Amino acid sequence: PLGLCLLLLLLPLPLPGSSGRRGAALPWERTDEPGSGGAWSGFRRLRERLRAAGALSKRYWALFSCQVWPDDCEDHEKAAPGPFGWSLPVLGQQYLDILTTWYCSLRDCCDSGDCRISNNFTGLESDLNVRLHGQHLARELVLRTVRGYLAMPRPEKPLALLFHGWSGTGKNFVARMLAENLYRDGLRSDCVRMFIAMFHFPHPKYVDLYKEQLTGQIQETQQLCPQTLFIFDEAEKLHPELLEVLGQYLEHSVPEGHKAKPPRAIFLFLSNLRGNIINEVVLNLLKSGLSREEITMEHLEPHLHAEIVESTDSGFGHSCLVKENLIDFFVPFLPLEYRHVRLCVRDAFLSQELQYTEEALDEIAKMMVYVPKEEQLFSFQGCKSISQRINYILP
Ligand SMILES: *[C@@H]1O[C@H](CO)[C@@H](O)[C@H](O)[C@H]1NC(C)=O
């Protein structure tokens, strides 16, 4: 048929098995136009040509754009290929697939819409169960809130979680697990930004500059990606004016009505603010005969909230984030005990592919300092710098 021939002319792509043309510049790949977006502007030319190519090509165009941008697809065309009651000639379908693959290798799309976003909850659940030790509250809360948020058809505001607890208890670890399981490229993803307060915003006198940078980065990331993750480490050290800026992003956002998928954002704030109070509460509960796993949010939450609002050593408690309830969940990280440290040591051996003995696990776990003086119950540094300690005892 004429349409198919037209399409063949329009798409001088190598057939599987044909030789030679691979690697040669395709007509729309030329980047010789100054200031042009290279492949992208070439693609726009291709799009014009395809559009001009008549009725059958329109069908192909519809199929192609449905494969590439499922969101923009009319509903009745969505189940491509083959939803029209007529099937594509085999060869045409082949070209369509090649073109889609090529296009998607440049942009970031695939069947599910956006390949950069993996949202692997199986992986997240398994990581939280297997690699995180001693944090039954955080484990459950993180999985439940994140899964729930990402499943909401129309979230009203970004999800904001405050992770707090002593250093070494796993806050960074869980933030990284989220990045790795929600995004194909983990922390390096276009969709993920991590800020460390004293590293990215160290000097209070530059706060105006930082505000601009922060706003710019958040907006840019949200434009690049429909589902974003922002991590703020050392959140208690963020300048109050930066917290105000963040407050604006955490307020209720009105999702654009017509889009099939409204944008989503998760904000994680990591803080060791008043980690001591968690430890105190946990210590008292353990002393009263409760087992660690019986500790619930109801035991901890009242203490935490009150303490954070009252804390005077940081702007965090006084910021709009806490005052206006923009933080959705307080996620407590409990102090780690000897048996948890021992598990961290075992994991560190395994991740370095080293053999270990039970004695070695004990030896390294005993190198940590345990507090309080009397009970010697909690590792002062949690599971921090375990792998360095392994290197230290190795012959
Ligand atoms: C999800 O994560 C698990 C565990 O890491 C992995 O085995 C699985 O292949 C992942 N699934 C997808 C769809 O990436």
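Definitions and limits used
Residues numbered from 1 in each chain as written. Predicted model: local features only at pLDDT ≥ 70, side-chain atom pairs only at ≥ 80, totals over all residues. Heavy atoms only, no water. Salt bridge = Lys/Arg side-chain N within 4 Å of Asp/Glu carboxyl O. Buried < 20%, exposed > 50% of the residue type's maximum accessible area, 1.4 Å probe, protein only. Helix = DSSP H or I, 4+ residues; strand = E, 2+ residues; numbered from the N terminus. Contact = heavy atoms within 4.5 Å. Pairing = 2+ DSSP bridges. Axes fitted to C-alpha atoms, helices over the stretch in contact; angles between N-to-C directions. Expected span 1.5 Å × (residues − 1). pLDDT = per-residue confidence, 0-100.

## Focus on the pattern of salt bridges
- Following the criterion strictly, the structure yields 15 salt bridges and no others.
- With its nearest N and O atoms 3.2 Å apart, the salt bridge here joins Asp185 to Arg184.
- In this structure Asp185 comes out as partly exposed when scored by relative accessible area, which is 28%.
- What makes Arg184 partly exposed here is its relative accessible area of 45%.
- Between Glu241 and Lys211 there is a salt bridge, with its nearest N and O atoms 2.9 Å apart. Separated by 30 residues along the polypeptide, Glu241 in helix α10 (residues 240–250) and Lys211 in helix α9 (residues 207–224) bring together distant segments of the chain.
- Note on Glu241: relative accessible area 32%, which makes it partly exposed.

## Topic: the environment of Gln352
- Locating Gln352 in the fold gives a position in the loop between α14 (338–351) and α15 (358–367).
- With 35 residues separating them along the chain, Gln352 and Ser387 place their C-alpha atoms 8.6 Å apart.
- Among residues more than four places away in sequence, those in contact with Gln352 are Ser387 and Asn391.

## Some words on the sheet that holds strand β5 (residues 329–333)
- Taking strand neighbours across the sheet as the criterion, the five strands line up as β2-β3-β4-β1-β5 in an open arrangement whose pairing is parallel. A single partner strand is all that each edge strand has here, and the edge strands are β2 (192–196) and β5. Neighbour-to-neighbour, the strand axes of the sheet open up by a mean angle of 15 degrees, direction not taken into account.
- Across six bridges, the pairing between strand β1 (residues 159–165) and strand β4 (residues 264–271) is parallel. In the strand pairing of β4, Phe163 is matched with Leu270.
- Along the sheet, α9 contacts β2, β3 (227–233) and β4; its crossing angle with β3, the most-contacted strand, is approximately 150 degrees.
- Across the sheet, α10 lies against β1, β3 and β4, angled at about 145 degrees from β4, the strand it touches most.

## Brief notes about α14
- Along its 14 residues, α14 runs 20 Å from first to last C-alpha, staying within 8% of the 20 Å computed at 1.5 Å per residue.
- Those residues of α14 lying buried are His340, Val341, Arg342, Cys344, Val345, Ala348 and Phe349.
- Along its buried surface, α14 packs onto α15, β6 (370–371), β7 (378–379) and α16 (386–393).

## Details of the confidence of the model for the protein chain
- Of all residues in the protein chain, 66% have pLDDT values of 70 or greater, and the mean over the chain is 78.
- Here residues 1–9 scores under 50 on pLDDT; set against residues more than four positions off or in separate chains, the count is eleven contacts.
- Residue range residues 12–37 is modelled with pLDDT below 50. Its contacts to residues more than four positions away, or to other chains, number 36 contacts.

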